[in-house]
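If you want the building blocks of each chain, they are given just below.
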Amino acid sequence: MANCDAIAQVAVPAPFHHLFDYLLPTAEPPPCVGGRVLVPFGKRRVVGLVTGLTNETPIERRRLRAIETVLDTRPVLPEELLKLLLWASRYYHYPIGECLATALPSLLRRGRPAEPALERVWRIAPAGQTIAANALRRRAPRQARLLEILQQSARPIGCAELTDSNGDWRGALERLAARGWIAASDRPVYALRRSHTRTAAPTLNLAQSKAVRAITAALNNFQALLLEGVTGSGKTEVYLAAIEAVLAAGRQTLLLVPEIGLTPQLVARFTSRLDAPLAVLHSGLSDTERLEAWHAAGNGAAPIVIGTRSAVFAPLARPGLIVVDEEHDTSLKQQDGFRYSARDLAVVRARRLNIPIVLGSATPSLETLYNVRRGRYRQLRLPQRAGGAATPEFRIFDVRGKPLREGLSQPLQQRLQTHLDAGRQALLLLNRRGFAPTLLCHECGWIALCHRCDARLIYHHPGKRVRCHHCNYDRPVPAHCPHCAGPDLRPLGLGTQRVEAALRLAFPSAGLLRIDRDSTRGKGAFEARMAAAQRGEAQILLGTQMLAKGHHLPEVTLVAIIDADQGLFGSDFRAPERFAQLLIQVAGRAGRAAHLGEVVIQTHHPEHPLLQILIHRGYKDFAEVALKEREQAHLPPFSAMALLRAEAHEADTPHVFLAQAKASAQPAPGITMLGPVPAPMERRAGRYRAQLLLQTAHRDELQALLRNWVPRLAELEQARRVRWSVDVDPLETL
DNA sequence: AGCACGCCGACT
DNA sequence: GTCGGCGTGCTC
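This structure is a prediction, so every number in the text was calculated from the model and none was measured. (Residues numbered from 1 in each chain as written. Chains lettered and ligands numbered in written order. Predicted model: local features only at pLDDT ≥ 70, side-chain atom pairs only at ≥ 80, totals over all residues. Heavy atoms only, no water.)

Participant: Hey, could you go over the packing of aromatic side chains for me, with residue numbers and the actual values?
Facilitator: The geometry of an aromatic ring pair is captured by the separation of the ring centres together with the interplanar angle, meaning the angle of the planes. Taken as a whole and assessed by the stated rule, the structure comprises 14 aromatic pairs. For the pair Tyr 91 and Tyr 92, a centre-to-centre distance of 4.9 Å together with 85° between the ring planes defines the contact as edge-to-face. We note that Tyr 91, like Tyr 92, is buried. Residues Tyr 92 and Phe 338 carry aromatic rings whose centres are separated by 6.2 Å and whose planes lie at 75° to one another, so their mutual orientation is edge-to-face. Pair noted here: Tyr 92 is in helix α1 (residues 79–92) and Phe 338 is in the loop between β14 (319–325) and α13 (342–353), with a separation of 246 residues, a long-range link. Taken as a pair, Tyr 92 and Phe 338 share a single burial class, namely buried. Site record: aromatic cluster; members linked through ring pairs are Trp 87, Tyr 91, Tyr 92, Tyr 94, Phe 313, Phe 338 and Tyr 340. (Phe/Tyr/Trp six-rings, centres within 6.5 Å; stacked < 30°, edge-to-face > 60°. Buried < 20%, exposed > 50% of the residue type's maximum accessible area, 1.4 Å probe, protein only. Helix = DSSP H or I, 4+ residues; strand = E, 2+ residues; numbered from the N terminus.)

Participant: So what's going on with the pattern of salt bridges? Which residues, and what values?
Facilitator: Note that side chains of opposite charge can pair when their charged atoms are close. Tallied over the full model, the rule gives 43 salt bridges. Residue Asp 398 pairs with Arg 400 through a salt bridge whose shortest N-O separation is 2.9 Å. The exposure class assigned to Arg 400 is partly exposed, which follows from its relative accessible area of 45%. Note that Arg 514 and Glu 500 form a salt bridge whose closest N and O atoms lie 2.6 Å from each other. Of the two residues, Arg 514 sits in strand β26 (residues 512–515) while Glu 500 sits in helix α16 (residues 496–506), which places them 14 residues apart along the sequence. (Salt bridge = Lys/Arg side-chain N within 4 Å of Asp/Glu carboxyl O.)

Participant: Would you mind going over the UniProt feature "binding site: Zn(2+) 2" (unreviewed entry) in chain A in detail, with residue names and values included?
Facilitator: Within the UniProt annotation, "binding site: Zn(2+) 2" (unreviewed entry) is assigned to Cys 450, Cys 453, Cys 468 and Cys 471. In sequence the annotated residues extend across 22 residues, while in space they remain close, none of their C-alpha pairs exceeding 8.7 Å. Among the structural elements, Cys 450 can be located in the loop between β21 (438–441) and β22 (458–460). The contact partners of Cys 450, leaving out residues within four places of it in the chain, are Ala 455, Leu 457, Cys 468, Cys 471, Tyr 473 and Arg 683. By the secondary structure assignment, Cys 453 is in the loop between β21 and β22. (UniProt positions renumbered as here; feature names shortened; annotations may be inferred. Contact = heavy atoms within 4.5 Å.)

Participant: Any details on the sheet that holds strand β15 (residues 356–361)? Residues and values, ideally.
Facilitator: Taking strand neighbours across the sheet as the criterion, the 7 strands line up as β12-β13-β11-β14-β15-β10-β16 in an open arrangement whose pairing is parallel. Each having just a single partner strand, β12 (278–281) and β16 (377–382) make up the two edges of the open sheet. For this sheet, the mean angle separating the axes of adjacent strands, direction not counted, is 20°. The pairing of β14 with β15 spans 4 bridges and is classified as parallel. Within β15, the position partnered with Ile 322 by the bridge is Ile 357. Sitting on the sheet, helix α9 (residues 206–217) touches β10 (223–229), β14, β15 and β16, and the angle it makes with β16 is about 155°. Across the sheet, helix α12 (residues 287–298) is in contact with β11 (252–256), β12 and β13 (304–307); its angle to β12 comes to roughly 135°. (Pairing = 2+ DSSP bridges. Axes fitted to C-alpha atoms, helices over the stretch in contact; angles between N-to-C directions.)

Participant: Can you explain the side chain of Gln 413? Please cite residues and give values.
Facilitator: As for its placement among the helices and strands, Gln 413 is situated in helix α15 (residues 410–421). Those residues in contact with Gln 413, other than ones at most four positions away along the chain, are Arg 405, Leu 408, Ala 506 and Phe 507.

Participant: Pulling in residues and values, what's your account of the packing of helix α14 (residues 366–373) against helix α20 (residues 609–632)?
Facilitator: Each pair of packed helices can be summarised by the angle the axes make with each other and by the distance between the axes. Put simply, α14 and α20 touch, their axes get as near as 10 Å, and they point 85° apart. If you check the angle between α14 and α20, you find them roughly perpendicular. Residues Leu 366, Glu 367, Leu 369, Tyr 370 and Arg 373 of α14 pack against Tyr 619, Ala 623, Ala 626, Leu 627, Arg 630 and Glu 631 of α20. The residue inventory of the contact of α14 with α20, partitioned by class, reads 7 nonpolar, no polar and 4 charged. (Parallel < 35°, antiparallel > 145°, perpendicular 65-115°, else oblique. Nonpolar A, V, L, I, M, F, W, Y, C, P; charged D, E, K, R; others polar.)

Structure (structure tokens):
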């Protein structure tokens, strides 16, 4: 008999790598795997999740305590998702309870009942079907109108929906119900997105149709497909067509997008093209909205679920397809706490669900390309830009020894003028916000430094302030040099605000929009600016890498990278990949409609091999060369890495802790431990930071080490004096 | 992570 | 004399 199990294994919201065993309650219904329970834990009571039922426990019987309340008689997490989270907890070596906590909506975490909230809906009753609404019209116009609406509607209609268009008709509804003409029922609230106007699908080109066929042919099996399509090649149309097929099969699609990619425009595009409601999951939702969207995904009310990183943990009633858009985007990896990669977990989940997964990008990560090469992923290419737009032309402007006006060379200014004269838009990229990255005293050479970080303060022009971009320290520019009291403090170097000022002077009649984190601070500000650009309210768009991600700007024909040098000399081994992706992504913004685009790159290193290969041979060849280099250097994806980070207020405790950690490890011969070394910016927000890098050619070796090692780190003598964290498959290592 | 216990400094 | 600082020990 299966239910003679007397012990529940419970994941508890506390930093432990193991489960806690509890006796089953006597007076309660039996708990279920995947359901929540209220348990006594130390001196408090917490909401835990049952991950298993068993008869065995290593704990002394007398020390076991009993579950206090069973909160769910049915699982809140489907078994598939629970298993995925247990797997992720082991893979990322993060406490199981905390992993589950990131997956559950906060209301459920706090013990709220798992049933969705209900709303009252009305539909026509058999007796009301044949009543002539017109006969009612004189005496009770509202009742007549309502009767008409409900007679014509196939689905029940909610109070809110009726009230919206017709004022408050609640009284009339009650009267119709009293006559037995209409009937009320309650249905769950889901806040689904749905559009009532439908946009027709464009005709797909050959490559698009081939890609769609490849995806739909795989619908009943696991297969990972890389959809590699240059910007503007119509990846979204491929997603849409594939989703149609999944809908037709009565199954759900989960679409993951980078944070900045989840715009109202994207949602509108999906709702207007697909005849199915859509649930949206992102960080801006209220607790209630999040819970409703989660329920809609979990019981299948939403055939399509779109969300950012954490949506990879959305429950799905009838999963049919997973799509990860912009799979190379770093925002898909969580950068603190439970440091999971939503892309990688999405692949694991698809494999466990035995459904296909599509990874889309114009600039795929080297990890993904390596998986294609090894035959694990299948590659689908969209080589042409949809609508026949030509590939933009690249030009390198060698700025060595040339006069620059706030970073803009003569030839660049001329190109800009030409494109503006032709009535087009230009997009200028400078990956540095603020006015100038340095404030210097001309008398003595003093530089404004952050007192909490190893960083310079950035001069911001509006309000004449200096700010630290790492800890948000912010103060007015001093009137005199704090060192020599000299009056001549000068901004040194280029930021977007400075280039903005120069451009306004040089092109006074052109409208200009600056798009960086400062100018898009408020909610929806980025959207509003991009929309204004789209409407042609500005001819020049100047900004940071945010610009590479906005939406279609068909009138942009000139893209300029003002300072390629800063991207060419990054110190992390992934810097070239990041630069290549940024360059190709912004270049893709040029000439998307009928006009030929031009991409200008200003640099002091025109011969740099990275630039040369990118502009003459393209991303694909770059990736090939970069993979070769990674292979020779034994770097990912040819090896696996994990990083142990530590930080503390005192300068050497992180180092001491990491040294103790290193000494306590029993590394297999194939594992190298590098460090401890200071982190790239050793002091940040008043904390000293250091790290220990683990590297091996064999992932299982690394996993085996971490499995024994990480749970014991908390017991190290210095562990309480530092904040430490483990990062498996880190994106930044140096 | 919480929460309690426990042992040393400045306050009504 | 106590209120309270945070070190350290524990959670099935």
